[in-house]
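What follows is the residue order along each chain.
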Amino acid sequence: MDSPQAKILVVDDNAENRALARATLEDEGYSVLLAATGESGIRLFEEQRPDCLLLDVRMPGTDGFAVCARVRALPGGEHTPVVFLTALRDVETFDRALKAGGDDFLTKPVRPAELVIRVRAALKLRRMSAELAEHYALVRQQRDDLMRLTLQKERLTSFVVHDLKSPVNTLDLYAQLLLEDRTLPERARTSVRHIRDEVRSLLRLVLNLLDISKSEEGQLTPARADVDLAALVEEIREAFVMRAKSAGLGLRLEVGAGRVMADEDLLRRVLENLVDNALRHSPEGSAIILCSVQREGAVEIRVADGGPGIEPDARERVFERFVQLEHEPTVKRRGGRGLGLAFCKLAVEAHGGRIWIEDGRPGAVFCLRLPA
Ligand SMILES: Nc1ncnc2c1ncn2[C@@H]1O[C@H](COP(=O)(O)OP(=O)(O)OP(=O)(O)O)[C@@H](O)[C@H]1O
Ligand SMILES: [Mg+2]
C-alpha cells in the first residue's frame, strides 16, 4: 500500500529527529505517527497498525532492537517492514538489526530524500510479499481442488467399471443360453448373435478401462500359466467369426501347436483388441490373418489386415490412451474410445514383452513378442 494514505510510525527519543521525519514524510503525503519511547511505540503499533515502522536503535529503556523483536511477535507484526535509524555505523549494529528482524538500515544524519526512498521501497516490498503470499495461497487452493476432483473422478471411474462388469457379463451369459436353444428361429438367432457381439464389445471396453487403471496403481500383474495358443486362437475365431462374415471379411488363423507362459485372460483380450481393430479397419473382401511363430526362445504373434495401415510417425502414438487416428471416411468407426491399444501395450509389457507395428503393404501388422 504505497499510497499517500500509508501510515508510518516513527519511534525516536530525539524530538528533532522526530520532527524532521514527520515533515519529510508528510510532504510525501504519508500519514505519520510519532512515539518518543520504545514502550509507547509498541502501544501505538498495536492500536494503529502502521504500514511501516521507522525505529531509532539507541533509546533509553526499550531500545530499537527490543521494540522490533516485540513487534515481530505481535499478530500481523511479522510482515510490517521495519527500517532502523542509527548513528552507529558498524557491522555489528547492522548484523544485530537484521537479526532483530529489520528490513532496512539507515545511518544518521538521515537525508530526507533517502528516507523517502527507503520508506517507499520498504512499503513496496511489503506489498509484493503480500501479493506473493496471496498467489501462493491461490495456487495451493487450486492444487488441492484439483487433487480432490481427480480422486473423486478416479473413484467414480472404478465404481462405474466394477458395477458394469457383472451385469454385462450376465447379459453375455443369457445371450449364450439363448443361442443354445435349437428351437429359436434363425432370424432371432441372428439378432441374439448381434446382441452378443455388442455386449462383448462393451465388455472389452470396460475391461480395458479396468486394467488400465489397475496398471496405473501398479496392480496389473499377470497370473502366468501354460497357455495352449491353438486353443486360445480357436476361442478368438469363435468370438469373431460372425462379425467377420457379416462384414464380408476373411478370418485366417495360422497358429500351429505352440505354448507360452502367460496370463491367458490378458493374452486373450490383447488378441481380441487387435482382431477387433483389424475388423474395424478392413475393407470388404479382404482378410485378417493371425499367425504365431516361436523365435529365439520367444513367441511372436502377428495380426495383419488389409486396411489403410498406420503411418510410421503414428506407430508409437497409437499406443497412448485416447489416441484415435483420422482415417478415410470409408472406415466405419464403432464407438471406440482409443483405449484398446493402450491396454494391449500395458498387458504385453507386464509380461516383459513388447508390441509394435509393421507395414503390411497394404494394411497394418501388429506384432507382439512374449518371452517363452
Ligand atoms: N488395424 C488398424 N488399422 C488402422 N488403424 C488402426 C488399426 N488399429 C488401430 N488403429 C488406429 O489406432 C487407433 C487406436 O486404436 P485403439 O484400439 O487404441 O482404439 P479404438 O479402436 O479407436 O477404440 P477402443 O479400442 O477403445 O474401442 C484407432 O482409433 C485407429 O485410428
Ligand atoms: Mg481398438
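The preceding data block contains the structure.
Residues numbered from 1 in each chain as written. Chains lettered and ligands numbered in written order. Predicted model: local features only at pLDDT ≥ 70, side-chain atom pairs only at ≥ 80, totals over all residues. Heavy atoms only, no water.

S.K.: Please clarify how the overall build of the protein should be interpreted in this entry.
M.R.: Of regular secondary structure, the protein possesses nine helices and 12 strands. For 372 residues, the compact-globule estimate of 2.2 N^0.38 gives 21 Å, and the protein exceeds it by more than 25% at 39 Å. Along the first, second and third principal axes, the C-alpha atoms of the protein reach 110 × 45 × 40 Å. Per-residue burial over the protein gives 41% buried out of 372 residues. (Helix = DSSP H or I, 4+ residues; strand = E, 2+ residues; numbered from the N terminus. Rg over C-alpha atoms; globule rule 2.2 N^0.38 Å. Buried < 20%, exposed > 50% of the residue type's maximum accessible area, 1.4 Å probe, protein only.)

S.K.: Looking at this structure, how should I read the packing of helix H7 (residues 229–246) against helix H8 (residues 264–281)?
M.R.: How two helices sit against one another is set out by the angle between their axes and by the gap between those axes. One way to put it is that H7 packs onto H8 with a least axis distance of 10 Å and a crossing angle of 35 degrees. Handedness of the crossing formed by H7 with H8: right-handed. Seen from H7, the contacting residues are Leu229, Leu232, Glu235, Ile236, Phe240, Arg243 and Ala244; seen from H8, they are Glu264, Leu267, Arg268, Leu271, Glu272, Val275, Asp276, Leu279 and Arg280. In the contact of H7 with H8, the residues fall into nine nonpolar, no polar and seven charged. (Axes fitted to C-alpha atoms, helices over the stretch in contact; angles between N-to-C directions. Left-handed = near helix turned anticlockwise from the far one by under 90°. Contact = heavy atoms within 4.5 Å. Nonpolar A, V, L, I, M, F, W, Y, C, P; charged D, E, K, R; others polar.)

S.K.: When you look at the site of ligand 1 in this model, what are you seeing that I'm missing?
M.R.: Neighbouring residues of ligand 1: 20 residues in total, closest Asn277, Arg280, Asp305, Gln324 and Leu341. Arg204 has a polar side-chain atom sitting 3.5 Å from an oxygen atom of ligand 1. The backbone of Leu325 places a nitrogen or oxygen atom 2.9 Å from an oxygen atom of ligand 1. Taken by itself ligand 1 offers 590 Å² of open surface, and the protein chains cover 99% of this. One can see that ligand 1 is located within the largest cavity. Of all elements in the fold, only helix H6 (186–216), H8 and helix H9 (340–350) reach the threshold of two or more residues within the shell around ligand 1. The greatest single-element share of the shell around ligand 1, amounting to three residues, is contributed by H8. (Near = heavy atom within 4 Å. Polar contact = N/O pair within 3.5 Å; in protein donor to acceptor, adjacent residues only side chain to side chain. Areas by Shrake-Rupley, 256 points an atom, 1.4 Å probe, with all protein chains shown as cover. 1 Å grid on protein atoms, 1.4 Å probe; cavity = no way out; pocket = protein on both sides within 12 Å on 5 of 7 lines; lining within 4 Å. Sits in = over half its atoms within 2 Å of the grid points.)

S.K.: Is there a simple way to think about a nonpolar patch on the surface in this case?
M.R.: Together, Leu156, Phe159, Val160 and Leu164 line one region of the surface with nonpolar side chains, adding up to about 360 Å² of accessible area. In this fold, Leu156 is placed in helix H5 (residues 112–180). Its relative accessible area of 52% is what places Leu156 among the exposed residues. (Patch = residues over 30% accessible without salt bridge, like charges linked within 9 Å, V, L, I, M, F, W, Y side chains within 5 Å. Salt bridge = Lys/Arg side-chain N within 4 Å of Asp/Glu carboxyl O.)

S.K.: Would you explain the pattern of salt bridges in this entry?
M.R.: Pairing of side chains with opposite charge becomes possible as their charged atoms draw close. Counting across every chain of the model gives 35 salt bridges. A salt bridge links Lys108 to Asp12; its shortest N-O distance comes to 3.4 Å. Linking Lys108 in the loop between strand S5 (104–107) and H5 with Asp12 in the loop between strand S1 (7–11) and helix H1 (15–27), this pair joins segments that are 96 residues apart in sequence. The burial state of Lys108 is the same as that of Asp12; both residues are buried.

S.K.: In this structure, what is going on with the packing of aromatic side chains? I would like to understand it.
M.R.: Two aromatic rings are characterised by how far apart their centres lie and by the angle between their planes. A complete count under the given rule lists three aromatic pairs for this structure. Measuring from ring centre to ring centre gives 5.3 Å for Phe65 and Phe84, while their planes differ by 65 degrees; the resulting arrangement is edge-to-face. Placement of the pair is Phe65 in helix H3 (residues 64–73) and Phe84 in strand S4 (residues 82–86), with a sequence separation of 19 residues. For Phe65, a relative accessible area of 8% gives the class buried. By relative accessible area, Phe84 is classed as buried at 0%. Arranged with centres 6.4 Å apart and planes meeting at 75 degrees, the rings of Phe319 and Phe366 form a pair that is edge-to-face. On the criterion of sequence distance, the pair formed by Phe319 in the loop between strand S10 (298–304) and H9 and Phe366 in strand S12 (residues 364–371) is long-range, its members being 47 residues apart. This pair shows no difference in class: Phe319 is buried, exactly as Phe366 is. Geometry around Trp356 places Arg354 over its ring, the cationic atom sitting 4.2 Å from the centre. (Phe/Tyr/Trp six-rings, centres within 6.5 Å; stacked < 30°, edge-to-face > 60°. Lys NZ or Arg CZ within 6 Å of the ring centre and 35° of its normal.)

S.K.: Is there a simple way to think about the layout of surface pockets in this case?
M.R.: With a probe scaled to a water molecule rolled over the atoms, the places where space remains empty come into view. Put simply, the largest pocket is a space of about 380 Å³. Around the largest pocket, the lining is made up of 21 residues, and of these Arg200, Leu203, Ala239, Arg268 and Glu272 lie nearest the centre. Secondary structure elements with two or more residues in the lining of the largest pocket: H5, H6, H7 and H8. Counted by class, the lining of the largest pocket contains six nonpolar, three polar and 12 charged residues. (Points joined across faces, edges and corners; volume = space filled by probe spheres on them.)

S.K.: What exactly am I supposed to notice about the side chain of Thr80 here?
M.R.: By the element assignment, Thr80 lies in the loop between H3 and S4. Here Gly76 takes part through its backbone oxygen, which lies 3.4 Å from a polar atom of the side chain of Thr80. In this view, Thr80 contacts Phe45, Pro50, Asp51, Cys52, Leu53, Arg72, Asp103 and Arg126; residues no more than four positions away in its chain are not counted.

S.K.: Help me out: how do you make sense of the nonpolar core in this one?
M.R.: The nonpolar side chains of a soluble globular protein tend to be buried, and buried together. Formed by 46 residues in total, the largest nonpolar core has its most connected members in Leu267, Leu274 and Leu368. At the level of secondary structure, the elements contributing two or more residues to this core comprise H7, strand S8 (259–262), H8, strand S9 (287–295), S10, H9, strand S11 (354–359) and S12. Among the elements that make up this core, the one with the highest residue count is H8 (eight residues). Not counting chain neighbours up to four residues away, the residues in contact with Leu267 comprise Leu229, Leu232, Val260, Ala262, Ile301, Leu368 and Leu370. Core analysis: the next-biggest nonpolar cluster, separate from the first, contains 21 residues, Val11, Leu44, Val71 and Leu74 among them. (Core = buried A, V, L, I, M, F, W, Y, C linked by side-chain atoms within 4.5 Å.)

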